[in-house]
Amino acid sequence: MPVVLLTGFEPFGGQTVNPSWQAVQRLAAAWDGPAELVTLELPVDFRTAGPALAEAVERSQPDLVVAVGQAGGRPDVTVERVAINVDDARIPDNGGFSPVDEPVVPGGPAAYFATLPVKACVAAMTAAGVPASVSQTAGTFVCNHVFYQVMHELAGRSAGGPVARGGFVHVPFTPEQAAGTRHPSMTLDVITAGLDTIVRTSLSTGVDLRVTGGTTH
């Protein structure tokens, strides 16, 4: 049976919850799919998130890694296309650290593309009634840091064995988080349904769809 490592984050930026981890927990509790799910809550910390992720990959030896993070302000579930090798923190992480123009991995490639079937995942979510789109940027905070670390870790392991696939997904605020603001939101039930669709589609789709998912800016 394939092994899927599914990660979410602890709260940050003054929030008391993080829907990425809440949805991961919900999915794990209800999961009945064709794989073993291994879950992990990551710290919103540039210095400790990468080692925690690497340890989980070493322990679980996953066939698929889907990291999930919160993107407050986005209206839909966004499947990330590319991770870039830069940390540039607009706000401090939960450890008080604010790197500026630092590489995620010194000497690493400028970027890694996700190896999830990004467009197939978006199409499947849309068909299931979950608002979704392809994202061209994962930002330069801890989400992008973890996304890059995922792909770097998997690239290093692929030289010695089967190639695991990986990528990153951003989810919106929940209605409770967005209350009293103008931020869009999405219920945890819908977010969880989106993650379920992403995992199942990634397990069953070998070649991504060749459909538009680009942007003009």
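Structure shown above.
What counts and how
- Residues take numbers from 1 onward in each chain, read along the sequence in its written order.
- Where totals are concerned, whole chains, interfaces and linings use all residues; where local detail is concerned, this predicted model gives features only for residues with pLDDT of at least 70, and gives and counts side-chain atom pairs only at 80 or more.
- Side-chain measures were taken over the full set of non-hydrogen atoms in the model, leaving aside hydrogen atoms and water.
- The angle between two axes is taken between their N-to-C directions and runs from 0 to 180 degrees, where each axis is a line fitted to C-alpha atoms and a helix contributes only its stretch in contact.
- Helix and strand labels come from DSSP, where a helix needs a run of H or I of at least four residues and a strand needs a run of E of at least two; each type is numbered from the N terminus.
- For classification purposes, an angle smaller than 35 degrees is called roughly parallel, one larger than 145 roughly antiparallel, one from 65 to 115 roughly perpendicular, and anything else oblique.
- Note on convention: near helix rotated counterclockwise from far helix by under a right angle means a left-handed crossing. Clockwise means right-handed.
- Contact criterion: two residues are considered in contact whenever any of their non-hydrogen atoms come within 4.5 Å of each other.
- Side-chain classes are defined by residue name, with Ala, Val, Leu, Ile, Met, Phe, Trp, Tyr, Cys and Pro counting as nonpolar, Asp, Glu, Lys and Arg as charged, and the others, Gly among them, as polar.

Colleague: Please clarify how the packing of helix α1 (residues 19–30) against helix α6 (residues 188–204) should be interpreted in this entry.
Modeller: The geometry of a pair of packed helices is captured by two quantities: the angle between their axes and the separation between those axes. Between α1 and α6, the least distance of the axes is 9 Å, while the angle of their chain directions is 65 degrees. Between α1 and α6, the angle is such that the two are roughly perpendicular. Handedness of the crossing formed by α1 with α6: right-handed. The residues of α6 that touch α1, namely those facing P19, Q22, A23, V24, R26 and L27, are L188, D189, I191, T192, L195, D196 and V199. Among the residues making up the contact of α1 with α6, the classes are represented as eight nonpolar, two polar and three charged.

Colleague: In this structure, what is going on with the side chain of T197? I would like to understand it.
Modeller: Tracing the chain through its elements places T197 in helix α6. In this structure, T197 is in contact with A124, M125 and A128, ignoring residues within four places of it in sequence.

Colleague: Would you mind showing me how to read the packing of helix α3 (residues 118–127) against α6 here?
Modeller: Here α3 crosses α6 at 135 degrees, and the two axes come no closer than 9 Å. As summarised for this structure, α3 and α6 are arranged oblique, according to the angle between their axes. With respect to the hand of their crossing, α3 and α6 are arranged in right-handed fashion. Mapping the contact onto sequence places A120, C121, A124 and M125 in α3 and G194, T197, I198, T201 and S202 in α6. Among the residues forming the contact of α3 with α6, the class breakdown is five nonpolar, four polar and no charged.

Any functional reading would require information beyond the geometric quantities listed.
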